[in-house]
Amino acid sequence: MSPAANYEFQEWSNKQGEKNHELFTTGTKNNGYLTVDISTPNPDQTAEKDRAKSARQLSWVCLLKFQQLANSLSWITNASILLLRIANRRISSADSPSDSSSASSKLYRVIKFFLFLVLLLLCVELVAYFKGWYFSPPSAASASAAVELVYAKWLEIRAEYLAPPLQSLTNVCVVLFLIQSVDRVVLILGCFWIKFKRVKPTATMEYPVGRVEGENIEDYPMVLVQIPMCNEREVYQQSIAAVCIMDWPKERMLVQVLDDSDDSDVQLLIKSEVQKWQQRGVHILYRHRLIRTGYKAGNLKSAMNCDYVKNYEFVAIFDADFQPAPDFLKKTIPHFKGKDDLALVQTRWAFVNKDENLLTRLQNINLSFHFEVEQQVNGVFINFFGFNGTAGVWRIKALEDCGGWLERTTVEDMDIAVRAHLCGWKFVYLNDVKCLCELPESYEAYKKQQHRWHSGPMQLFRLCFLDILRSKISVGKKANLIFLFFLLRKLILPFYSFTLFCIILPLTMYLPEAQLPAWVVCYIPGFMSVLNILPAPRSFPFIVPYLLFENTMSVTKFNAMISGLFRFGSSYEWIVTKKLGRSSEADLISYEKKSDTLVEATSLLRSTSDSGLEELSKIEGTQKTTKSKRNRLYRKELALAFILLTASVRSLLSAQGIHFYFLLFQGISFLVVGLDLIGEQVS
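What counts and what doesn't
Residues numbered from 1 in each chain as written. Predicted model: local features only at pLDDT ≥ 70, side-chain atom pairs only at ≥ 80, totals over all residues. Heavy atoms only, no water. Pairing = 2+ DSSP bridges. Helix = DSSP H or I, 4+ residues; strand = E, 2+ residues; numbered from the N terminus. Axes fitted to C-alpha atoms, helices over the stretch in contact; angles between N-to-C directions. Phe/Tyr/Trp six-rings, centres within 6.5 Å; stacked < 30°, edge-to-face > 60°. Buried < 20%, exposed > 50% of the residue type's maximum accessible area, 1.4 Å probe, protein only. Lys NZ or Arg CZ within 6 Å of the ring centre and 35° of its normal. Polar contact = N/O pair within 3.5 Å; in protein donor to acceptor, adjacent residues only side chain to side chain. Contact = heavy atoms within 4.5 Å.

Hydrogen bonds between backbone atoms are what pair the strands of a sheet, whose relative direction is either parallel or antiparallel. Spatially, β3-β2-β1-β4-β6-β5-β7 is the arrangement adopted by the seven strands of the open sheet, whose pairing is mixed. In this open sheet, the two edge strands, each paired with only one partner strand, are β3 (284-288) and β7 (426-437). Averaged over all pairs of adjacent strands, the angle between strand axes in this sheet comes to 20 degrees, irrespective of strand direction. Summarising the sheet, strand β5 (residues 342-351) and β7 pair through nine bridges and their orientation is parallel. Bridging across to β7, L342 finds its partner in K426.

A word on the packing of aromatic side chains. Remark: the centre distance and the inter-plane angle together describe each pair of aromatic rings, the angle taken between the planes. Applying the stated rule across the entire model yields 27 aromatic pairs. Residues F177 and Y496 carry aromatic rings whose centres are separated by 5.4 Å and whose planes lie at 50 degrees to one another, so their mutual orientation is tilted. Placement of the pair is F177 in helix α5 (residues 146-197) and Y496 in helix α14 (residues 475-510), with a sequence separation of 319 residues. You can call F177 buried: its relative accessible area is 3%. The ring centre of W277 lies 4.2 Å from the NZ or CZ of R280, which sits over that ring. Its end group placed over the ring of F485, K490 keeps NZ or CZ at 4.4 Å from the ring centre.

Bringing unusual backbone geometry into the picture now. Phi at R198 takes a positive value of approximately 55 degrees, unusual for a residue other than glycine. With respect to the helices and strands, R198 occurs in the loop between α5 and β1 (223-229). Classification of R198 by relative accessible area gives exposed; the value is 74%.

Locating N357 in the fold gives a position in the loop between β5 and α10 (358-381). You can call N357 buried: its relative accessible area is 13%. A distance of 3.0 Å separates a polar side-chain atom of N357 from the backbone nitrogen of L359. Excluding its chain neighbours within four sequence positions, the residues that come into contact with N357 are E441, G679 and E680.

Below is the structure:
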């Protein structure tokens, strides 16, 4: 049954609906009560206000942008001026005396002119490329505009007058390059033959290792050991200690420390070190010249003039950073027995810091080839090679026979070796006897060293050319000295490497009528780099940097060669190669342990603490107060970098792939070296 309907609620709902309807209808009639009039502004006035507001905002934005642009320009200008000042200061401070010489300044002016010419030619080629003249060259007859006529005339002059002499110079350099490459290949084949046949110098006798009871010390010849040095604050201790602990009867050996230092503090340190070893029973003397003439040659000559030198039969020479092994003399002196015509026994260098940075790794490749291939092959086949100036033993009679040390060049070691060879003396090279030394770790030190090493041979060639012709040696040995030893390896090599890859190659990009084949640019240099790196197989990952760096160093070697050949002032300057003493601390500890045979351990420690540690603390104190290190700038390298990079842009226009990549990476290599970003920085 459904519930009853609720009529009361229905009636109430109807009444409420009627009331709301009345209220709504009443409100609509009374407009003043419910109606709100909203008046809108005039459209013209709104548009004017919007335009005024937008103009003000735009003006403020423009002013803000202009202020930001002005600030940016001001910052760029100040930064550029500061950069130019720093560059000028660092270029002037970085140039060594060799760089500031007349030869170097003339070469730099030539390079600057060449850079200006290359930039001008690049602008011409860019205009021709965008005008379409590069793909369809205009002729003088069909030229309509003046610019087109000028470019047509330039093409005629380039093809008829400029390209032929450049092509002739290119052909000459290519021939020289091939001759030098053949020489390298012959040396490598000779080295392979030596390795295959296991050929090496043999001594007629051997000395026992260590001391043997009852041995006759008269069987040991008298040996003079010389250590020339000049301001060698970092390495003097390790060289003196290494020599003093050599396994040789002390009664049959005398050590001369030949100090040419002009720093009084360094002199006192070296004197103290000598006195320390004198207290231990070592026969060691300290010599200091008051008149320092002749550099190293004058120092050695002065030491050989001492009266007691006549009592000695052999002299061993070690530079200040060299550390001979204790058995050095026992491995070298026996080769003189029964060979009265033997003047020199040269040993190989080994480097304690060859993995220090990229520069030392690249040097290790070069010097490994020099010792493993050049010195060994020349020593086996012709018994002659250039004395390396250190880590060698001379027969004193041979030195006296060829005139002794002369001060006429900065390569006194090569000078005396050539004169001894002209007198009929023979040399022996021991590749398996190594002497530790240190490579220069900064580009500045390496550059100065290479300048001396490449200017000195040209000085010597001028001085001894007539002596070679008048000597009594065979015609074959004369030809080897003149054509191979001097001309090919000391003159032609730096000449063609600089001329071919730094001058001719960029020019052929702007004078395409003269061509340099890709096999000259890439394939043969790459093959020769592989051959050069064979003696140091661990350095194969650095073969590309090695190739680029060798071309980069050609400007320094070429400048040095010209200076020595034409007797410019820089060719007679001797700058001591900076050493850092990388191995000195560890070696000093090992030397102290090995020298227990000289004195008791307690007295040794007491002597070391009394005379050596104070000096070591002084050295450490001075090293802590050194100036901060900074990069230097080298202007010739930077100018050549821009020349090669602009030439790479030109080669890109002509789509020469191999030439482009070579010029690009070679330009980057020059840029890295010019900014001093290779090797250790110097303070």
